[in-house]
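Letter by letter, the chains look like this.
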Amino acid sequence: MTLPTLDQAAFDHLLEITGNDLGFVDELIDTYLADASLQLEAMQVAASSGDAAALVRPAHSLKSSSANVGAMALTDICRVLEAAARTGDVPDALERVADCDRAFADARAALLAARAAR
Amino acid sequence: MNGGRVLVVDDTPFNRRLLIRLLADIGHSTVEAADGREALTMLRDDRAEPVDVVLLDIVMPVMDGYETLATLKADDALRDLPVIVISGVDELDSVVRCIQMGAADYLPKTVAPEILRARIEASMSQKRFRDLERATVDEQRRLLATIDRQRSELSRFLSPQVAALVSSEDGEAMLAGHRREITTMFCDLRNFTSFSETAEPEEVLGFLRAYHAAMGQLIVEHEGTLEHFAGDGFMTFFNDPVLQPDHAARAVGLAVAMRERFAEIASDWRKRGHVLEIGIGIATGYATLGRIGFEGRYDYGAIGQAIILAARLSSEAGPAEILIAPRTYAAAEDAITAAAAGERQLKGFSRPVEVYAVSGMAIAEVGT
C-alpha cells in the first residue's frame, strides 16, 4: 500500500478549524516546513553518530506535524523510524533518514504546488 | 464564561501556532512554552499573571509531558491547575498514563474549535470551583483561628464560662439578659483591714497574690463563674452560663475546699503575726443575668435578692464559718453536713433569716 504524498483532507481540516483563513494556514505550512528541516537535521546528526535514542524525539515530532499537514507518506516513514528508534537499535538509520529527506522533499513540493495552483 | 489564560506547552512551532490561534478565536489569552521546564518557570513566576489551564504536549525535549505533569501534581501551589494533554492520534497509551497521573482531559493536536472550547471551559469551571472551595476553607480556618485567639484572650479577663458564652451560638441572647436560678457565693476576710494597715504594702500584695491564685484555682476546679474579685472579697456563682443541676452542692463544695485551703495559707501568716480568717455566705434563688454596665465597660453580672442575701451572710459569718441560706440547704442537704445556726436579722431584709452553718461535705465532694 502506498500512502499519498499529500492528503487534501488534512489541509481542508486545517482550513475549516481556522474559519477558512487561508493566509493563516499558509503561514502554518511555512512554520511546518521550517521546523521539519530542523527535525531532519537533528535526525541526520543522531543517525550519523549511531545514537538511536536521539532519533526518537525528532522522528516523533516530524511524524506528528507531518500528519497535521497531510504529508502521509512522510508520516508513515517517521512512525516506523520512531518505533525502531525506541527499541534502541537502528542499524540502517542513515538510510532511513535519507528516506525521510526524500519524502519530505516530495511533501514540500506538493504543498508548494498546491499553493501555487490556488 | 469569560476568557481564561491558557499556557500552551509544545515543542513543535506548528502546534503552538495553531493552538494559540484556535484559543484566540474562542476568546482565551495565551502564553507559550517550548518544553516542560520553561512552562514550570513561567507558572512559578509570581509576577506573571496566573494561568487557568495548561495544554501539555507529551514528547518534548528538556522536560517531557510526564515529568512536567508529575512535577505540577507534587507542587501544592500548582496541583489544582487543570492540565489537558495534547496527543497525536496514535498516542492513546500515553493519554491513559497522563490521566492516571492527574491530567484533567486530553485533546487531539488538530482539534475542532467547538471541542477545544468545550474542554477548556469544563476544565476552567472545575478549577474555579476548586479555587472557591479552597478559598472558603482558608477563610474558615482563618476565622476559626481568630475566634480561638479571641476566646483564649477573653478567658484571661473573664471567667472561662463567660468567654465561651460570648462566642457561642446563643451568646447574644444570653448576654442580653435572662432569668435563672443560681447559687451565689460571697467570701471575704476577717481582719483584712487591720492586716493591710499594719503589714508592709509588699506583704499585703504578696499575700493577696497567693490568696487569689489559690482561690482562683479552686473556682476553676469547681467550675464556678467568677463575677468579680475585689481586694479580699469575691463573688462567684453556679448554674450560669453553663447549667449545673447540682449548683447548690457545688457552691458548698467550693466553700469547703476554700476554707481548707485558706487555713493552710493563713497558718503561714499566723507565724508572722497576722491573724486572717475567711468568712463565706451562700444563697440560692432567681437572678437576672447578662451584660451589666455601660458602653466601653460591661461585665457579665447577676442581679437578684439571693445575691444580696449571699453578701449579707458572708458579712454575718464568723471566722472560718460558711453560712448558707435555707433554700441552698434544701437543695444541697443530701450532699453536705450542716447544722441550723439560728435566725439572723440581716440588713435590708425585713424578716429574720434562718441560716445553716456548714461543717463539711456528706459524701465525696461534688463537682471535682
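What comes next is a walk through the structure. Quick caveat, the model's predicted, so the values are computed rather than measured.

## Observations regarding the overall build of chain B
When its secondary structure is counted, chain B shows 12 helices and 13 strands. For 368 residues, the compact-globule formula gives about 21 Å, and the C-alpha radius of gyration of chain B, at 36 Å, lies well above that figure. In terms of principal-axis extent, the alpha carbons of chain B reach across some 105 × 45 × 40 Å. In chain B, which comprises 368 residues, the share counted as buried stands at 48%.

## Focus: helix H2 (residues 36-43) of chain B
Residue and element names in this part refer to chain B. Of the residues making up H2, those classed as buried are Gly36, Ala39, Leu40 and Leu43. Looking straight down H2, one finds its buried side chains confined to an arc of 100°; they lie on one side. Looking at the buried side of H2, the elements it contacts are strand E1 (5-9), strand E2 (29-33), strand E3 (53-57) and helix H3 (65-73). The opening residue of H2, the one whose side-chain oxygen lies 2.9 Å from the backbone nitrogen of Arg37, is Asp35.

## Here's the deal with the packing of helix H1 (residues 8-17) of chain A against helix H2 (residues 22-48) of chain A
Residue and element names in this part refer to chain A. Viewed as axis vectors pointing N to C, H1 and H2 meet at an angle of 125°, and their least axial separation amounts to 9 Å. With respect to their mutual orientation, H1 and H2 come out oblique. Note that H1 runs across H2; the crossing there is right-handed. Of the residues in H2, those in contact with Phe11, Leu14 and Leu15 of H1 are Leu22, Val25, Leu28 and Ile29. Its residues assigned to classes, the contact of H1 with H2 shows 7 nonpolar, no polar and no charged.

## Some details on the environment of Pro4 of chain A
All names here are of chain A. Turning to its location among the elements, Pro4 is positioned in the segment before H1. Given the relative accessible area of 40%, Pro4 is considered partly exposed. Measuring from C-alpha to C-alpha, the distance between Pro4 and Ala71 comes to 7.6 Å, with 67 residues separating the pair along the chain. Setting aside its immediate chain neighbours within four residues, Pro4 contacts Met72 and Ala73.

About the thresholds
- Residues numbered from 1 in each chain as written.
- Chains lettered and ligands numbered in written order.
- Predicted model: local features only at pLDDT ≥ 70, side-chain atom pairs only at ≥ 80, totals over all residues.
- Heavy atoms only, no water.
- Helix = DSSP H or I, 4+ residues; strand = E, 2+ residues; numbered from the N terminus.
- Rg over C-alpha atoms; globule rule 2.2 N^0.38 Å.
- Buried < 20%, exposed > 50% of the residue type's maximum accessible area, 1.4 Å probe, protein only.
- Arc of directions from axis to C-beta.
- Contact = heavy atoms within 4.5 Å.
- Polar contact = N/O pair within 3.5 Å; in protein donor to acceptor, adjacent residues only side chain to side chain.
- Axes fitted to C-alpha atoms, helices over the stretch in contact; angles between N-to-C directions.
- Parallel < 35°, antiparallel > 145°, perpendicular 65-115°, else oblique.
- Left-handed = near helix turned anticlockwise from the far one by under 90°.
- Nonpolar A, V, L, I, M, F, W, Y, C, P; charged D, E, K, R; others polar.

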